[in-house]
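Here's the letter readout for the chains.
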Amino acid sequence: MSEAKAREEICRVGESLFQRGYVHATAGNISVRLDHGFLITPTDACLGFLDPADLALLDHDGHQLSGNRASKTIALHRKIYEASDHAPGSWPAHCVIHTHSTHCVGLSLRAKGPELLPPITPYFVMKVGHVPLIPYFRPGDVLAADAVADAILHYAKVDTPIRAVMLSRLGPNVWHQDLTQAMATLEELEETAKLVQNLAPHLPENLSDAQIEELRQNFGAAW
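The text that follows walks through the structure, step by step, so that each part is easy to find.

Scoring rules and cut-offs
Residues numbered from 1 in each chain as written. Predicted model: local features only at pLDDT ≥ 70, side-chain atom pairs only at ≥ 80, totals over all residues. Heavy atoms only, no water. Pairing = 2+ DSSP bridges. Helix = DSSP H or I, 4+ residues; strand = E, 2+ residues; numbered from the N terminus. Contact = heavy atoms within 4.5 Å. Axes fitted to C-alpha atoms, helices over the stretch in contact; angles between N-to-C directions. Buried < 20%, exposed > 50% of the residue type's maximum accessible area, 1.4 Å probe, protein only. Salt bridge = Lys/Arg side-chain N within 4 Å of Asp/Glu carboxyl O.

1. Points about the sheet that holds strand S3 (residues 56-58)
Read across the sheet, eight strands follow the order S4-S3-S2-S1-S5-S8-S7-S6 without closing on themselves; strand pairing throughout is mixed. Each end of this open sheet is capped by a strand with a single partner; those strands are strand S4 (64-66) and strand S6 (133-134). Examined bridge by bridge, strand S5 (residues 95-98) and strand S8 (residues 171-176) share four bridges and lie antiparallel to one another. Residue pairing for S8: Ile97 is matched across the bridge by Val174. Most of the contacts of helix H2 (residues 74-86) go to strand S1 (residues 29-34), to which it runs at about 45°, and overall it touches S1, strand S2 (37-40), S3, S5, strand S7 (164-167) and S8.

2. A short note on the pairing of S1
Most of S1 is tucked away, with five of its six residues classed as buried. Bridge count between S1 and S5: four bridges; the pairing is antiparallel. Bridging from a neighbouring strand, Val32 pairs with Cys95 of S5. Looking at chain direction, S1 and S2 are connected through four bridges and run antiparallel. Each residue of the ladder has a partner; that of Val32, found in S2, is Leu39. Connecting the antiparallel pair S1 and S2 is a turn made up of two residues.

3. Overview of the environment of Cys46
The residue Cys46 is located in the loop between S2 and S3 in this model. Sequence separation between Cys46 and Ala27 is 19 residues; the distance between their C-alpha atoms is 7.0 Å.

4. Some details on the pattern of salt bridges
Evaluated as defined, the whole model comprises seven salt bridges. For Arg12, the salt bridge goes to Glu9, with nearest N and O atoms at 2.8 Å. Remark: Glu9 and Arg12 occur in helix H1 (residues 3-19); sequence separation between them is three residues, near one turn of the helix. Among the residues examined, Arg12 registers a relative accessible area of 37% and is labelled partly exposed. Looking at Glu9, the relative accessible area reads 11%, which means it is buried. The shortest N-O distance in the salt bridge between Glu191 and Lys194 comes to 3.3 Å. In this pair, Glu191 and Lys194 are both assigned in helix H6 (residues 179-199), three residues apart and thus about one turn of the helix distant.

5. Here's the deal with the environment of Ile30
Its place among the elements puts Ile30 in strand S1. Dropping the residues within four chain positions of it, Ile30 is found in contact with Ile10, Val13, Gly14, Leu39, Ile40, Thr41, Leu47, His77, Val96, Ile97 and Leu179.

6. As for unusual backbone geometry
Note that the residue after Gly113, namely Pro114, is joined by a cis bond; omega there is 5°. Tracing the sequence through the fold places Pro114 in the loop between helix H3 (102-108) and helix H4 (122-127). Despite not being glycine, Asp44 has its phi angle at roughly 60°, a positive value. Looking at the secondary structure, you find Asp44 in the loop between S2 and S3. A relative accessible area of 58% places Asp44 in the exposed class. The backbone of Asp159 shows a phi angle near 65°, a positive value even though the residue is not glycine.

Structural data, given as structure tokens:
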């Protein structure tokens, strides 16, 4: 994807998420990996009102080249890109979306881990998969980035690659091959969290091992 197209896509996805309530105020950030570095939304920017020219352009080492000041979460995004490249069998990350989506955050306040959600619907299993729950760290803490990288490497080693993590009390990070697919993954994750919140405490049984295996065989679900 060209840099110009990536700038347009970041703004399009940010506006869509904002209009539909997946992000609010100045919470959340979006990045795309380019051949020559990274684009990321500026710090304290509202994702619903982004200007392509204001997006922060950084080199491969994270040094800013142009645009408004980059979001402090670039360190976390770079760790996701790096870990996804080096985790055997993992899905390479070409873009990352981080939000403070209400139901995901709400569920993280009472979830005991090690994962945010059980396998209760086929599309959650197919489109999202395992979502490790990362312990709370203050926003921007490099230890959070290390914990996310460790989770990516761990799940890859046990042949269950992940495309999302949940930062406890903060929000999900999802990554994919392009922003459209990353946004769809985020949507499925948040809607499943909403379903669990609405059903609690009377949750349904999880999909059985046989049902999950059927999803693997027919749809390539990585659970």
